[in-house]
Amino acid sequence: MTEILVVDAIMGKGKTQYAIQHMNEASPLDSFIFITPFLSEVERIKTSVTEHCFVEPTIYNGTSKLEDLKRLVANNRNIVSTHALFAKADDELIELLEQSGYTLILDEVMDIVESVPIKSADIRRLQSNGDILINEDTMSVEWTGDPDDNSRYKDIRELAQAGNLYLFRGSFMVWTFPPAVFKAFPKVIVLTYLFKCQMQRYYFDMFGLEYEFKSVQKNGDKYELCDYDVRAEGRVQLRKLINVVDNEKLNAVGKGKFALSQAKLKKYDADTLEQIKKNTANFFKHYAENAKAADVYISTLKEVEPFLAPRGFSVKNCFIPHNARATNEYANRRAVAYLINRFMNKDKMSFFQDNGVKVDEDLYALSELVQWLWRSRIRNGKPIHAYIPSERMRELLDKWASNEI
C-alpha cells in the first residue's frame, strides 16, 4: 500500500522548503523523484538539494525525454522533472518504478483528468466500425481496430492503447492519469494548498488512494509537519492586501451566478465584450493608479482574450492562463484583472459524479482564484488592486477570507 502524505499549506508557508529539507536530511540510500510544473523549479531543486545529486531527463542519444526518464529510473538516479513529462507515464515506466523504491514528491497537483475532444457521432462510428470496445463494468475504452491507425482518430487510439480512456453517458470521453503510477511508489508526498477543493483529491477518493493530511510550519530554522489549522493561515491579513474594486457600474457585467462563465463568454455579443474591455481599461487607469502593462496581468477564456485586451495591454505581454499556479514570474505585478467565473469542466465533473464522488464547484473555483491571486506581489506582502467583476467569485473570496470556506 502506497503511503501518501498531502502537505497542505497556504502559499509562502514553506512547502517546497520542507521538501528540500526532507531530501537533504534523508539517507544517501533513499531515492527521490521530484515533479514540478515549471522548469525554473527544476533548477531550484538541482541546486538546493545538496545531499543528493539530481538530474533531469533529456534527449539522450536521439531518444525521447520519456525514454531517458526510464533510463534514469533503471539506474536509480535522483530525478527532477516536469508535470508535462510525468503525465506521459506508460506501462514500461510503471514496471520500472515498481522495482525501484522511489519516493515521489509532487509539487502542486497535476491535471490528472482531461476531457477528450470527440463528438458523440464519432464515438458511435468507432463502435460500429469495431475500432473500440467498451467495458460495460468500468466503461474503459479498448482499441480493437488497426493498432497502427493513423487517421484523425489517432489520438483516441493512443489513449485507449495506454489503457486510461473512459466513455461516460455514451457521449463523452475522459482520460485519466494512470493510478498505477502512484501505486508504484512506496511513498508519495503532495505539496499543495486547498487540496480538498482539487480534482486530484477527487481522483484519489475515486481510485481508493488513501492519504494522510498535514500542514507545515517553521520552527526556528527548521520546517516541521503539523496538523492543518485554517486559523494559522492569516487569511484576514492577506485579504487586506487585495483591494478589490467595489463599483456597481464596473461589476455590472458580472452580476448573476453564471455571468462571465466560460459558456457565457463564448456567447457574449461584440457590445458586451467591448464593455468588459472598457471596464478593464477604466480599472487600470482610475482604480489601479494608472497601472501600465508591466504592472499587470489579466486572465479570461483564451478564445476571447483578443477581444478583451485594452489598448496598451497586449495578449502577449499581459494575459496569463486563468489556472496559473506555482510560478514566481509575476511577483512584481500590482494590478490584476480576473475576467472569468470558474466552473469545473462538465465532462470532468460528470466523470467523478458517475463514480460516486461528490464535487463542490464553489470550492474548486475558490482554489483556482486564490492560487491565481498569489501570482502577484501579495506573495511578498505587498498590496494589489484587483478587478474581479464576477459577483460569485468576489463572494467566494470574501467567504474564504472570513474562514467560512
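Because the structure is a prediction, the values reported are computed rather than measured.

For the rest of this paragraph, the subject is the pairing of strand β13 (residues 222–226). Here strand β12 (residues 212–219) pairs with β13 via 5 bridges, running antiparallel. Note that in β13 the partner of Val216 across the bridge is Leu225.

Below, the discussion takes up the layout of surface pockets. Taken as a whole, the largest pocket encloses approximately 1,200 Å³ of empty space. Considering the residues around the largest pocket, the lining is formed by 41 residues, among which Asp111, Asn323, Arg342, Lys348 and Tyr364 are closest to the centre. For the lining of the largest pocket, the secondary structure elements donating two or more residues are α4 (83–86), β6 (113–116), α9 (199–206), α12 (262–267), α16 (346–354) and α17 (361–373). By residue class, the composition of the lining of the largest pocket is 21 nonpolar, 11 polar and 9 charged. For the second largest pocket, the calculated volume is near 390 Å³.

This paragraph deals with the environment of Ile59. Here Ile59 is to be found in the loop between β3 (54–55) and α3 (65–74). Note: C-alpha distance between Ile59 and Asp148 (89 residues apart in sequence) is 25 Å. If near-sequence neighbours (up to four positions away) are discounted, Ile59 is found in contact with Ser64 and Lys65.

The next thing to look at is the sheet that holds strand β15 (residues 296–299). Read across the sheet, 4 strands follow the order β14-β17-β16-β15 without closing on themselves; strand pairing throughout is parallel. Looking at the sheet topology across the chains shown, the edges are occupied by β14 (242–244) and β15. Each adjacent strand pair in this sheet contributes to an overall mean axis angle of 20°, direction not counted. Docked against the sheet, helix α13 (residues 270–287) engages β15, β16 (335–338) and β17 (384–387), running at close to 160° with respect to β17.

Our next topic: the sheet that holds strand β2 (residues 32–36). Strand order in this open sheet of 8 strands is β3-β4-β2-β5-β11-β1-β12-β13, and the pairing throughout is mixed. Both outer strands of the open sheet, β3 and β13, are each paired with one neighbouring strand and no more. Relative to strand β4 (residues 78–82), β2 runs parallel, the two sharing 4 bridges. Bridging across to β4, Ile33 finds its partner in Ile79.

Attention now goes to empty space enclosed by the protein. Using a probe with the size of a water molecule, rolled over the atoms, empty space left in the structure can be pinpointed. Scanning all chains against the criterion turns up 1 cavity of 30 Å³ or more. Of the volumes computed, that of the largest cavity is approximately 60 Å³. Forming the boundary of the largest cavity are Ile10, Met11, Leu238, Ile242, Val370, Leu373, Trp374, Ile378, Leu397 and Trp400. Looking at the lining of the largest cavity, the elements with two or more residues in it are α17 and α18 (391–401). Looking at the lining of the largest cavity, its residues break down into 10 nonpolar, no polar and no charged.

We now examine the side chain of His52. One can find His52 in the loop between α2 (39–48) and β3. Under the relative-accessibility criterion, His52 is labelled buried at 5%. Here Met23 takes part through its backbone oxygen, which lies 3.1 Å from a polar atom of the side chain of His52. A distance of 3.4 Å separates the side chain of His52 from the backbone oxygen of Asp30, its partner in a polar contact.

Rules and cut-offs
Each chain has its residues counted from 1, following the order in which its sequence is written. The predicted origin of the model limits local features to residues at a pLDDT of at least 70 and limits the giving and counting of side-chain atom pairs to 80 or more, whereas totals for whole chains, interfaces and linings rest on all residues. The side-chain figures draw on all heavy atoms in the structure; neither hydrogens nor water molecules are used. Between any two strands, pairing holds if DSSP finds at least two bridges. Secondary structure elements are defined from DSSP: runs of H or I of at least 4 residues count as helices, runs of E of at least 2 residues count as strands, and each element is numbered from the N terminus. A cavity here means a set of 1 Å grid points, computed over protein atoms only, where a 1.4 Å probe fits but cannot escape. A pocket is an open set with protein on both sides within 12 Å along at least 5 of 7 lines, and lining residues have an atom within 4 Å of a point. Grid points are joined across faces, edges and corners, and a volume is the space filled by probe spheres set on the points. Residues are grouped as follows: nonpolar covers Ala, Val, Leu, Ile, Met, Phe, Trp, Tyr, Cys and Pro; charged covers Asp, Glu, Lys and Arg; every other residue, Gly included, is treated as polar. Here, residues are in contact when the closest pair of their heavy atoms is within 4.5 Å. The convention used is that axes are lines fitted to C-alpha atoms, helices contributing only their stretch in contact, and that angles between N-to-C directions extend from 0 to 180 degrees. Only protein chains enter the calculation, and the probe is 1.4 Å; a residue is then buried if its accessible area is under 20% of its type maximum, exposed if over 50%, and partly exposed in between. Side-chain atoms alone can form a polar contact between residues adjacent in sequence; in general such a contact is a pair of N or O atoms within 3.5 Å, and within protein one must be able to donate a hydrogen while the other accepts it.

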